Protein chains: 2
Amino acid sequence: MTLAVAGTLMQTPAPDLLTVTDAVVEVQAGAIAAVHDRSTPEGAAAGRQALASAAERVELDPGTILMPGLVDLHIHAPQWPQLGTGLDLPLERWLVEYTFPLEARYADLEFAATVWNDLVPSLLAMGTTTGVYHSSNHLEATTALARTCARYGQRALVGRVAMDHPEDTPEWYRDATAAAGVDASAASIEAMAAVGSPLVEPVITPRFAPACTDALLQGLGELAEATGVRVQTHCAESDWHCGYAQERFGSTDPEALDSFGLIRPRTVLAHSDHLTDSDMALVAGHRAGVAHCPLSNAYFANAVFRVRRALAAGVGVGLGTDISGGARPGLLGVCQDAVTVSRMLEDGVDPALGTAERGVPESRIDTVTAFWLATAGGASVVDLPVGLIEPGRRFDAIAVRTDRPGGSIRLWDEFDDAARIFEKVVRLATADDISHVWVDGRSVKP
Amino acid sequence: MTLAVAGTLMQTPAPDLLTVTDAVVEVQAGAIAAVHDRSTPEGAAAGRQALASAAERVELDPGTILMPGLVDLHIHAPQWPQLGTGLDLPLERWLVEYTFPLEARYADLEFAATVWNDLVPSLLAMGTTTGVYHSSNHLEATTALARTCARYGQRALVGRVAMDHPEDTPEWYRDATAAAGVDASAASIEAMAAVGSPLVEPVITPRFAPACTDALLQGLGELAEATGVRVQTHCAESDWHCGYAQERFGSTDPEALDSFGLIRPRTVLAHSDHLTDSDMALVAGHRAGVAHCPLSNAYFANAVFRVRRALAAGVGVGLGTDISGGARPGLLGVCQDAVTVSRMLEDGVDPALGTAERGVPESRIDTVTAFWLATAGGASVVDLPVGLIEPGRRFDAIAVRTDRPGGSIRLWDEFDDAARIFEKVVRLATADDISHVWVDGRSVKP
C-alpha cells in the first residue's frame, strides 16, 4: 500500500529551525520512504513519479499546509467530561473534590466507552496524532481506551494510573495495596499487548509521589526495569507538591522518584515547573523528559516551567495539554500558550516590582520552538519515530487550511512569507481548519 | 418590527453574578421591550404571547445558549493583516518596524476596503457586536471603516488615529502638524456623522502620548471638551511607555493625559498595566475606564493589569483583543486569557522565588468576572446601552451551540449544571460554534 501526499510542508527539525518544502511525501506501509523537494528538477521528476505510481494520492491545495502530527505528552483521558470547568481550586483540593470522583466513574465500562469514543476522535480532529494518556485506576477501562485508540487509529501510550496512598487518595478510588497496584499495572501491560495494535503501547503510571506509598513506587520502578516499559508521572508541579516531597522524602520530588528507579530513559515527567538545576541535570542524565503544560501552569503550578533553561541543560521537552487541568484541548493552541507563558516568565507579572526584579531574562520561546516541542521534541522524549516528515519515520501528519471560508486564518500575499504563514497557522488555527489527519500513513480524520 | 427570541439566557449583571433564565426576549425596533422568564406561569404565558405576536421569531434549540453580545474595547483595525505574527519585538520597535509600515498602507482606499470587508464580518462571526476601533491615521480610510461597520451592522466606535511627534513616528506616517492632526480629527467626527448610522460613533484617538506633541494632545483634549465625543488612547502600557512619560512630563502617563484634558467620562484607556494606586483614583474620579487586553499583556506590557485592584478602586474595566498585539481575535477566547493571566499574576511565574515573593495575592478572577468584563463591564466603560439582555437596552446578542457535531464543546448531563455549561462556553467556544449574532435587533451573522 503506497500513499503520496503533495503540498507545502512546514516543519521544525530543530527548536530554532523552520523548514518549508514544496514536497511530495512518499509513504510505504505507513513509513515515509522519501520526501521529494519539487524546487529541484530531480525532486520534481521524482515527485511526479511517486504521485503517478502511488495507490493513493493526495494533492493539497496551495492554501493548505502539511505539517507533522502533534504529540500530546500529557492527557488525562477520564477528565475529558470536565474540560473547561473546575479550575478554581488548588491542585490538592481540585483532585479530591472534582477529579477523583469523576475518575472513579470509569469502573463503569459503558460510561468509559462513551467518553473514549468521543475523546479519541475529537483529539484526532485537532491534529493530536500521538496521545500520551493517563487513564483511570481501572484495568478494564484502560484497556478499553487502548482499544479505542487502536480502532480510531491514534498512536498512543496508555497508562493505567497506580495510586494507593491511604492519606492522599480516597478509599473508593485507589489500589487496595501496593502489591495490588503493581499487579494491576503489570496486568495492564499484558492486556495492552493483547490489543495487538502496533500503534498502542503501555506506560507505567504512578500518579505522583503523594498518591503512592514507597512500596508502590518501588514496585513500579522494578516493573519498569523488568519490562523496559516507559514510565510517566507528575513531577514537581506545585509548591504543595514540592513541599510534600521535602517533608516525606527529605529531597526534591525528582530525587525521590529517582530513588525508586522511576526516572529512566523515555520517562515522561509532567509539568516539572519547579525543577532545580540539579534536578534538571538528574533528568537529563537519565534521558528522561518533561511534558510542559503551559496553560495548566497558570492554574495549578504556581510558576512557569523554564523551557529554555531545561533545553540548555539537555532535558528533553515536549508539550502537553494536561486535559483537563489545561482548558485547551488542541496542541496548536497550546503552542501559542507556551509562547505566551514564556513571555510572562521573561518579563514578570507584577507591575509594582521594578523591571529588573520582575522576570527571568532570556526565558522567551517563539512559535518555531513551540511547534518543535509539540512535534519533534515530544516525539524524542518518548522515542517514537514521528514528529518530523523525513525518511524512516512513520507518516503521522496533519494538513491545515489557510483559506477556509469563515476560517480562522487570513493570508495577505503582500505581507505573508512562509515564516508568517507558519506563525498564523500555529497561533490561529482551530480544529475546524484542519482538513487532513494521518497516522501511520492512514487517513484518520473523523 | 418585532422580534422574539426564546432560549436559555446566560448573562452576568455583576462581576460576580451569573444568571440563567429560560427566557423569551421581546425586541421592538432594536430595543429590548421585555424578558419573560418561562419558569413562572405568568412569564411562560407572556412568552408564548410574545412569540405568537412577533413578526420574526427565533426559538433556539435546548443545546444553544443565548448571551449578550461581546464588547471589544480595543481593536486596531488596520493591523488585521498581521494578526498572529510579529510579536517578537518590544512595543517601541514593533510599532516602527512592523506596524507603522502596515498602517501607512491605508492611504490606499482599495486596500483599506479589502481589509475592512474581511475584518468586520469576521469579528461579527466571533460575536463581537460592539467594536471600539483604532483606525489608521487616514481620514478617508477611517470613514470607510465606519461605513463598513454600518453596512454589516456592527455597533462601533471608530477613531482616526492622531499622531504627530517628529521623534517617535515616521515622517511618512503622521499628521504634518498638531493643528493638522486636530483638524483631521474634527473632520473625522463630521464625516462619521455623515455616515448616518445610529450604530457608529466617532472617538477622538491620540495614539499615545509618545506619538503626540503637547500641542496635539492639548488640541484633542479641547476638541473632546467642545464636542463631547469620547476619547481613547493607550495608557501606561509598558516599562518603556511609563519611563517615557516620566522623562518627558515628569509625571505618570495618566497624569500627563489628564493634564491635557483627555481623561474624561467614557475615555477608554487601553492596557493601563502600570497604573499606580493614585492613577487608579484619577481614572475612577473622571469616570474613565480601562480596556484590559490580557494576551498582549504578555507580549508588550511587561506586566499584568491588576483587574481586581482596579475594580475595587472604582475604575471601569472591559476587555479588548488588542488586534493585532493580541493574537486571539475572538473575545470569548480572551475571557479565558483574562482568567489565565490573573492566575499568573496571583501566583507569580518564577519558580526560583519563594511562594510569598512570587505573586500578588487576591489577583485572580474567574470566568464569570471575565465575561462580565467582556459584556456589561465594557458597555459601561463606553456608556452604550448593551452588554445585558434587559428591558431598555438594545438587543445585541449571540447564541452559542454546545452540541455542534465536531464542535468545541461537550456536555455531560451527569456533571454539567448551568454554571459549568457557562464556563465551557466561555473557555472553549470558537467562532464556528456561534450560531446567531444580533446587533440592534438585527441578525448580522455573516
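Scroll up to find the structure this text is about.
Here the structure is a predicted model, which is why all the values come from computation and not from measurement.

Asks: I would appreciate a short explanation of the sheet that holds strand 15 (residues 316-319) of chain B in the present structure.
Replies: For sheets, the rule is that strands pair by backbone hydrogen bonds, running either parallel or antiparallel. Residue and element names in this part refer to chain B. Read from one edge to the other, the open sheet built from four strands follows the order 12-13-14-15, with strand pairing classed as parallel. Two strands lie at the open edges of the sheet, namely strand 12 (232-235) and strand 15, each paired on one side alone. Geometrically, the sheet is characterised by an average inter-axis angle of 30° between neighbouring strands, direction not taken into account. Its contacts with the sheet put helix 14 (residues 367-382) on strand 13 (268-271), strand 14 (289-292) and strand 15, and the angle it makes with strand 15 is roughly 125°.

Asks: In this structure, what is going on with the pattern of salt bridges? I would like to understand it.
Replies: Opposite charge on two side chains allows them to pair when their charged atoms are near. Residues and elements named next belong to chain A. Under the criterion given, the structure shown has 50 salt bridges over all chains. Among the salt bridges present, the one from Glu225 reaches Arg264, with a minimum N-O distance of 2.8 Å. Residue Glu225 is located in helix 6 (residues 214-227), and its partner Arg264 is located in the loop between helix 8 (253-259) and strand 13 (268-271); the two are separated by 39 residues in the primary sequence. The salt bridge partner of Arg328 is Asp337, with a shortest N-O separation of 2.8 Å. With respect to burial, Arg328 and Asp337 carry one shared label: buried. Because the salt bridges share partners, they merge into one network encompassing Arg155, Arg394, Asp396 and Asp440.

Asks: Looking at this model, I keep getting lost on the packing of aromatic side chains. Mind explaining?
Replies: The geometry of an aromatic ring pair is captured by two quantities: the separation of the ring centres and the angle between the planes. Applying the stated rule across the entire model yields 22 aromatic pairs over all chains. Relative to Phe111 of chain B, the ring of Trp412 of chain A lies with its centre 6.4 Å away and its plane at 65°, an arrangement referred to as edge-to-face. Taken together, the positions of Trp412 of chain A in the loop between strand 16 (397-401) and helix 15 (418-428) and Phe111 of chain B in helix 3 (residues 109-125) put the pair across two chains. By relative accessible area, which is 11% here, Trp412 of chain A ends up buried. Pairwise contacts between aromatic rings join Tyr106, Phe111 and Trp116 of chain A together with Trp412 and Phe415 of chain B into one cluster. A cation over an aromatic ring shows up here: Arg105 of chain A above the ring of Phe111 of chain A, its NZ or CZ 4.3 Å from the ring centre.

Asks: I tried to follow the pairing of strand 14 (residues 289-292) of chain A on my own but got confused; where do I start?
Replies: Regular strands place side chains that alternate from one sheet face to the opposite one. Residues and elements named next belong to chain A. Burial along strand 14 is two-sided: Gly289 and Ala291 facing one way and Val290 and His292 facing the other are all buried. The sheet contact formed by strand 13 and strand 14 spans three bridges and is parallel. Bridged to Ala270 within strand 14 is Ala291. Between the parallel pair strand 13 and strand 14, the chain is carried across by helix 9 (residues 277-285), and the sense of this crossover is right-handed.

Asks: What exactly am I supposed to notice about helix 12 (residues 331-347) of chain B here?
Replies: An α-helix turns once every 3.6 residues. As a result, residues three or four positions apart point the same way. In this model, helix 12 of chain B (17 residues) spans 24 Å end to end at C-alpha, consistent with the 24 Å of a helix rising 1.5 Å per residue. In terms of burial, helix 12 of chain B is largely enclosed, as 17 of its 17 residues are buried.

Asks: Would you explain the packing of helix 14 of chain B against helix 15 (residues 418-428) of chain B in this entry?
Replies: When two helices pack together, their arrangement is given by the angle between the helix axes and the distance between those axes. All names here are of chain B. At a minimum axis distance of 10 Å, the contact between helix 14 and helix 15 shows a crossing angle of 60°. On the basis of the axis angle, helix 14 is oblique to helix 15. Like other packed secondary-structure pairs, helix 14 and helix 15 cross with a definite hand, here left-handed. On helix 15, the residues that touch Thr367, Val368 and Phe371 of helix 14 are Phe422, Glu423, Val426 and Arg427. Residue composition of the contact of helix 14 with helix 15, grouped by class: four nonpolar, one polar and two charged.

Asks: Where do I start with the interface of chain A and chain B in this structure?
Replies: Counting residues at the interface gives 61 residues for chain A, matched by 61 residues for chain B. Interface of chain A and chain B: buried area, both sides summed, is about 5400 Å²; carbon and sulfur atoms make up 52% of it. Put simply, chain A and chain B have 10 salt bridges between them. With a closest N to O distance of 2.8 Å, Asp432 of chain A and Arg404 of chain B form a salt bridge. Per element, the largest residue contribution to the side of chain A that touches chain B is nine residues, and it comes from helix 12 (residues 331-347) of chain A. Counted by class, the side of chain A that touches chain B contains 26 nonpolar, 13 polar and 22 charged residues.

Cut-offs and rules
- Residues numbered from 1 in each chain as written.
- Chains lettered and ligands numbered in written order.
- Predicted model: local features only at pLDDT ≥ 70, side-chain atom pairs only at ≥ 80, totals over all residues.
- Heavy atoms only, no water.
- Pairing = 2+ DSSP bridges.
- Helix = DSSP H or I, 4+ residues; strand = E, 2+ residues; numbered from the N terminus.
- Axes fitted to C-alpha atoms, helices over the stretch in contact; angles between N-to-C directions.
- Contact = heavy atoms within 4.5 Å.
- Salt bridge = Lys/Arg side-chain N within 4 Å of Asp/Glu carboxyl O.
- Buried < 20%, exposed > 50% of the residue type's maximum accessible area, 1.4 Å probe, protein only.
- Phe/Tyr/Trp six-rings, centres within 6.5 Å; stacked < 30°, edge-to-face > 60°.
- Lys NZ or Arg CZ within 6 Å of the ring centre and 35° of its normal.
- Right-handed = clockwise from strand over helix to strand, strands pointing away.
- Expected span 1.5 Å × (residues − 1).
- Parallel < 35°, antiparallel > 145°, perpendicular 65-115°, else oblique.
- Left-handed = near helix turned anticlockwise from the far one by under 90°.
- Nonpolar A, V, L, I, M, F, W, Y, C, P; charged D, E, K, R; others polar.
- Buried area = accessible area lost by both parts, 1.4 Å probe.

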